[in-house]
Amino acid sequence: MSALPYAGIEAGGTKCLLAIGHGHDSILERHRLPTGDADATLAALRRQLYAAHTRYGGLRGVGVAAFGPLQLDRQSADFGRVLATPKPHWRGADWRQVLPDPAMPFAIDTDVNAAALAEHRWGAGKGVASLVYLTVGTGIGGGIVIDGKPLHGALHPEIGHLRVQRHLQDGEFKGVCPFHNDCLEGLASGPAIQARTGQSLSDLAASHPLQAIVADYLGQVCAQLLLTLAANRIVIGGGVLQASGLIDAIRQRCTHWIGGYLPACDGDALSSRIVMPRFADAGLIGALALAMPASD
Ligand code: ZN
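Analysis parameters
- Residues numbered from 1 in each chain as written.
- Predicted model: local features only at pLDDT ≥ 70, side-chain atom pairs only at ≥ 80, totals over all residues.
- Heavy atoms only, no water.
- Pairing = 2+ DSSP bridges.
- Helix = DSSP H or I, 4+ residues; strand = E, 2+ residues; numbered from the N terminus.
- Contact = heavy atoms within 4.5 Å.
- Axes fitted to C-alpha atoms, helices over the stretch in contact; angles between N-to-C directions.
- Domains from an automatic or database assignment.
- Buried area = accessible area lost by both parts, 1.4 Å probe.
- Phe/Tyr/Trp six-rings, centres within 6.5 Å; stacked < 30°, edge-to-face > 60°.
- Buried < 20%, exposed > 50% of the residue type's maximum accessible area, 1.4 Å probe, protein only.
- Parallel < 35°, antiparallel > 145°, perpendicular 65-115°, else oblique.
- Left-handed = near helix turned anticlockwise from the far one by under 90°.
- Nonpolar A, V, L, I, M, F, W, Y, C, P; charged D, E, K, R; others polar.
- Donors = N, O, S within 2.8 Å, 3.2 Å for Na, K, Ca; no water.
- Tetrahedral: all angles 85-135°; square planar, octahedral: opposite > 155°, others 65-115°.

1. Comments concerning the sheet that holds strand E9 (residues 233-237)
With respect to topology, five strands assemble into an open sheet ordered E8-E7-E6-E9-E10, the strand pairing being mixed. Bordering the open sheet on either side are strand E8 (149-150) and strand E10 (274-275), each of which pairs with just one other strand. Of the strand pairs in this sheet, E9 and E10 are connected by two bridges, and their pairing is parallel. Pairing of Ile234 across the sheet is with Ile274, part of E10. Along the sheet, helix H5 (residues 209-229) contacts strand E6 (130-136), strand E7 (140-146), E9 and E10; its crossing angle with E6, the most-contacted strand, is approximately 160°.

2. A short note on the domain arrangement of the protein
Splitting the protein by domain gives domain 1 (6-110 + 281-291) and domain 2 (124-275). Inter-centroid distance (C-alpha atoms) of domain 1 to domain 2 is 28 Å. Each partner contributes to the interface: domain 1 provides seven residues, whereas domain 2 provides five residues. Across the domain 1 to domain 2 interface the summed buried area is about 500 Å²; carbon plus sulfur atoms make up 69%. Looking at the side of domain 1 facing domain 2, the largest losses of area belong to Leu72, Asp109 and Thr110, adding up to 56% of the total buried there.

3. Side note on the packing of aromatic side chains
Taken as a whole and assessed by the stated rule, the structure comprises three aromatic pairs. Ring geometry for Phe67 versus Trp90: centroids 5.3 Å apart, planes at 80°, classification edge-to-face. You can see Phe67 sitting in the loop between strand E4 (62-66) and strand E5 (106-110) and its partner Trp90 sitting in the loop between E4 and E5, a full 23 residues away along the chain. The same class applies to Phe67 and to Trp90, which are both buried.

4. Quick word on the packing of helix H2 (residues 111-122) against helix H8 (residues 282-291)
It is at 7 Å that the axes of H2 and H8 come closest, and there the two elements cross at 80°. When the axis of H2 is compared with that of H8, the two are roughly perpendicular. The residues of H8 that touch H2, namely those facing Asp111, Ala114, Ala115, Leu117, Ala118, Glu119, Arg121 and Trp122, are Ala282, Gly283, Ile285, Gly286, Ala287, Ala289 and Leu290.

5. Considerations on the packing of helix H4 (residues 190-197) against H5
At a minimum axis distance of 12 Å, the contact between H4 and H5 shows a crossing angle of 150°. On the basis of the axis angle, H4 is roughly antiparallel to H5. In this structure, H4 meets H5 at a crossing whose hand is right-handed. Listed contacts from H5 to Ile193, Arg196 and Thr197 of H4 are Leu210, Val214 and Tyr217. Class assignment for the residues of the contact of H4 with H5 results in four nonpolar, one polar and one charged.

6. Focus on the coordination of the zinc ion
All of the protein donors around the zinc ion are His161 (ND1), Cys177 (SG), His180 (ND1) and Cys183 (SG); their distances to the metal are 2.1 to 2.4 Å. One way to put it: the four donor atoms around the zinc ion meet at angles of 104 to 119°, and that makes the site tetrahedral. As a motif over one chain, the donors of the zinc ion read H-x15-C-x2-H-x2-C. In terms of burial, Cys177 and Cys183 fall into one category: buried.

This is the structure:
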């Protein structure tokens, strides 16, 4: 392929991943850097991009998939900056500083919106009108793609903090969200499972009562997403989903909470609507997708 490549960066709490390539099936090189303070991390990424820019004779654009909150409004003077965050020294950091040339095409979104875009363009929800990507791990994040575009509004989606109805056998647990205690993330994330049992869900037997409780919370939110966004596809991954049988249990609880109201939401139909991701590295692939026009 002779056309100039694109660059994608996925920025996480502990590491940043960089890919140079033409899409999910044509990655020319990958790099990994630790995430330190903002100035040093952005400078290190810029050096890598500058080297690639020199090596290939140019880059066609850069996409960044980053932890939030982020200013995604291109009309804002703060476009591309990190908003109020508890991460030390990252507040106000400007992701455009990674560009080897300030005029280079640049796109940025949350890591989960980027992952949703990757699964929509090339993965488990190719071409559907309404797709939600949920990741259930250290936190719970959700990205949304509607008609091929990641959804933004006043901010970006924050599905992890939706409130769920308490499971009857989970009444005593306070929840771990520092803002809401018992929102979805406070009840069903990896740390919420560890706080109750000292173990991860995949280390517990599938018959452990907590599996049914976590499946119920995630099933409730899937039902809410089917109802609010008319989601054709909910792609759900992350460390907690490694627990054997969990996704089937989520589908069953989602069917329960839909209550027969929507068509194609019984167990069989949901097995093709609530699915696991295609990509283990959907955030990084999504960063490349952000940089690339859909037609490319
Ligand atoms: Zn919360």
